[in-house]
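Observations on the model geometry
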Amino acid sequence: MSETPGEGGGWSMGDDVVTLLDQVSRLVYGVGFAEGLFPAQWVALRYFHDSPETARTLSALARFQRIHLAPVSRTVSTLVDKGLLSRRPHPGFKRGLLFDLTDEGRALLNRDPLRLSLGPPIAGMAEDERAMLGRLMKRIIAHMQERAPAEGGAASPDTPTDTSSPV
């Protein structure tokens, strides 16, 4: 297993997939520091852009990210302060709020560094490759989410997360 590029700067077919996924995740995280935003702020903008109106709430975003409400609330408040999101009363809940992208927020998403960075290599894949990559990524995400502790943080490899079956 190689943790660095092989000869000539390229990756070899024998490279460990976990290491490659780690490298991709680090690169994805790194490009999220753009346009004066942090990665979590980009995630929130994408979420509110892509979600149906009824799911554009703080609690729905927190569930989507599998993190506590407090950091989500701070992230969203910052985006409102920056003029990228607007808030309005939720019609179904007296104290609830819905969030919408402003025109400035939508314009910023046109320069989304993640889509600009990953879009071209994904677009260059054959349709069956994109479909396979999507299926594999969904499997990896589902596996990691089912093993993640409910309160956030990393699960210990020694600690079973499913108490219904013996370890």
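Anything mentioned here points back to the structure above.
A brief look at the structure comes next. Every chain's residues receive numbers from 1 upward, in the order its sequence appears when written. Where totals are concerned, whole chains, interfaces and linings use all residues; where local detail is concerned, this predicted model gives features only for residues with pLDDT of at least 70, and gives and counts side-chain atom pairs only at 80 or more. With hydrogens and water stripped out, all remaining heavy atoms of the structure feed into the side-chain values.

1. Brief notes about the overall build of the protein
Secondary structure elements are taken from DSSP: a helix is a run of H or I of four residues or more, a strand is a run of E of two residues or more, and numbering for both begins at the N terminus. What the protein contains, in helices and strands, is seven helices and two strands. When burial is assessed residue by residue, the protein has 23% of its 167 residues classed as buried. Note on areas: Shrake-Rupley with a 1.4 Å probe; residue coverage comes only from the protein chains shown. Accessible surface, the protein: about 11700 Å² in total, of which carbon and sulfur atoms supply 59%. The buried label applies to any residue whose accessible area, calculated with a 1.4 Å probe on protein chains only, is under 20% of its type's maximum; exposed applies above 50%, and partly exposed to all values in between.

2. Some points on a nonpolar patch on the surface
Residues enter patches when they are more than 30% accessible in relative terms and free of salt bridges; like-charged ones are connected within 9 Å and nonpolar ones (Val, Leu, Ile, Met, Phe, Trp, Tyr) within 5 Å. The salt bridge criterion pairs a side-chain nitrogen of Lys or Arg with a carboxyl oxygen of Asp or Glu, the two atoms within 4 Å. A contiguous nonpolar patch, built from Val17, Leu21, Leu118, Ile122, Leu133, Met137, Ile140, Ile141 and Met144 and spanning about 710 Å² of accessible area, is present on the exposed surface. Assessed through its relative accessible area of 56%, Met144 is described here as exposed.

3. Some details on the environment of Leu79
Mapped onto the elements of the fold, Leu79 is located in helix H4 (residues 69–81). Considered as a pair, Leu79 and Trp42 are 37 residues apart in the sequence and their alpha carbons are 9.5 Å apart. Only heavy atoms matter for contacts: two residues are in contact if any of them lie within 4.5 Å across the pair. Contact partners of Leu79, with chain neighbours within four places excluded, come to Leu37, Gln41, Ala44, Leu45, Leu84 and Leu85.

4. So, the nonpolar core
To form a nonpolar core, buried Ala, Val, Leu, Ile, Met, Phe, Trp, Tyr and Cys residues must be joined to one another through side-chain atoms within 4.5 Å. Within the largest apolar cluster, 21 residues are counted, with the highest numbers of intra-cluster contacts made by Leu45, Phe48, Val76 and Leu85. Counting only elements with at least two residues in this core, the list comes to helix H2 (39–50), helix H3 (58–65), H4, strand S2 (97–101) and helix H5 (103–109).

5. As for the pattern of salt bridges
In total, this model carries nine salt bridges according to the counting rule given. Residues Arg106 and Asp103 are paired through a salt bridge, measuring 2.5 Å at the closest nitrogen-oxygen approach. In this pair, Arg106 and Asp103 are both assigned in helix H5, three residues apart and thus about one turn of the helix distant. Each of Arg46, Asp50, Asp112 and Arg115 takes part in salt bridges that share partners, so that together they form one network.

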